[in-house]
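Architecture and fold: a report
What follows is the residue order along each chain.
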Amino acid sequence: MSKILVTYTSMTGHNEDIANHIADYLKKNKQEVTLEQLVDTDAYDLPDYDAVVVATYTYHDGDLPDEAEDFYEDLKDVDLKRTKFAVVGSSSKSHIHYGRAVDYFTMQLNSSNGDQAADSVKVDQEADEDDFKRIDQMADYVIKSLQ
């Protein structure tokens, strides 16, 4: 059984719903899951997990959420030692920089020597049935990468 961290930040509740869905899905697939808010996550602990899933929203016009900035900055000093990862996040397609925080986290986790297990998933506003299918597929890739 693999140890997977699902960490999220959520303003509207959309990413909390996504994170809870991912955690439940991973547990149903016999994974050991820790679910916590990003503000409570220590970036230096990430190498202790087999995989990490980050769920974030994009604030305003392409910014990281304020509560994610310390974690993001700490990632620059962390060697993930090939820890598997995936990133998902909700945003609004009405913004010119749709889902940019997802891109930022994906790039930083790669730069920190992480091993991207699945393509990042961007969700417009609240996740619907099709979005959850894409999220489940992302989770399947994470599980498969750990076998």
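Residues numbered from 1 in each chain as written. Predicted model: local features only at pLDDT ≥ 70, side-chain atom pairs only at ≥ 80, totals over all residues. Heavy atoms only, no water.

As for unusual backbone geometry
At K30, a position not held by glycine, the phi torsion is positive, near 65°. Among the secondary structure elements, K30 is positioned in the loop between α1 (14-28) and β2 (32-37). At Q125, a residue that is not glycine, the phi angle is positive and equals roughly 65°. Assignment of secondary structure puts Q125 in the loop between β6 (121-124) and α4 (129-145). (Helix = DSSP H or I, 4+ residues; strand = E, 2+ residues; numbered from the N terminus.)

Quick notes on the nonpolar core
If you look at the biggest cluster of nonpolar residues, it comprises 25 residues, and the most contacted ones within it are V6, I22, L26, V53, V88 and M138. At the level of secondary structure, the elements contributing two or more residues to this core comprise β1 (3-8), α1, β3 (51-55), β4 (84-91), β6 and α4. For this core, the leading source of residues is α1, giving six residues. Counting residues in each nonpolar core, the second largest holds 20 residues, with L5, L46, Y49 and L64 among its members. (Core = buried A, V, L, I, M, F, W, Y, C linked by side-chain atoms within 4.5 Å. Buried < 20%, exposed > 50% of the residue type's maximum accessible area, 1.4 Å probe, protein only.)

Concerning helix α3 (residues 100-111)
Here α3 spans 16 Å end to end across twelve residues, near enough to the 16 Å set by a 1.5 Å rise per residue. Burial in α3 covers these residues: A101, V102, F105, T106, Q108 and L109. The inward-facing, buried residues of α3 abut β3, α2 (69-75), β4, β5 (115-116) and β6. Immediately downstream of α3, the backbone of N113 shows phi near 75°, a positive value. (Expected span 1.5 Å × (residues − 1). Contact = heavy atoms within 4.5 Å.)

Digging into the pattern of salt bridges
Throughout the structure, instances matching the rule amount to six salt bridges. The partner of D115 in a salt bridge is K84, with the nearest N and O atoms 2.6 Å apart. Of the two residues, D115 sits in strand β5 while K84 sits in strand β4, which places them 31 residues apart along the sequence. With respect to burial, D115 and K84 carry one shared label: buried. One salt-bridge network, in which partners are shared between bridges, spans R82, K84 and D115. (Salt bridge = Lys/Arg side-chain N within 4 Å of Asp/Glu carboxyl O.)

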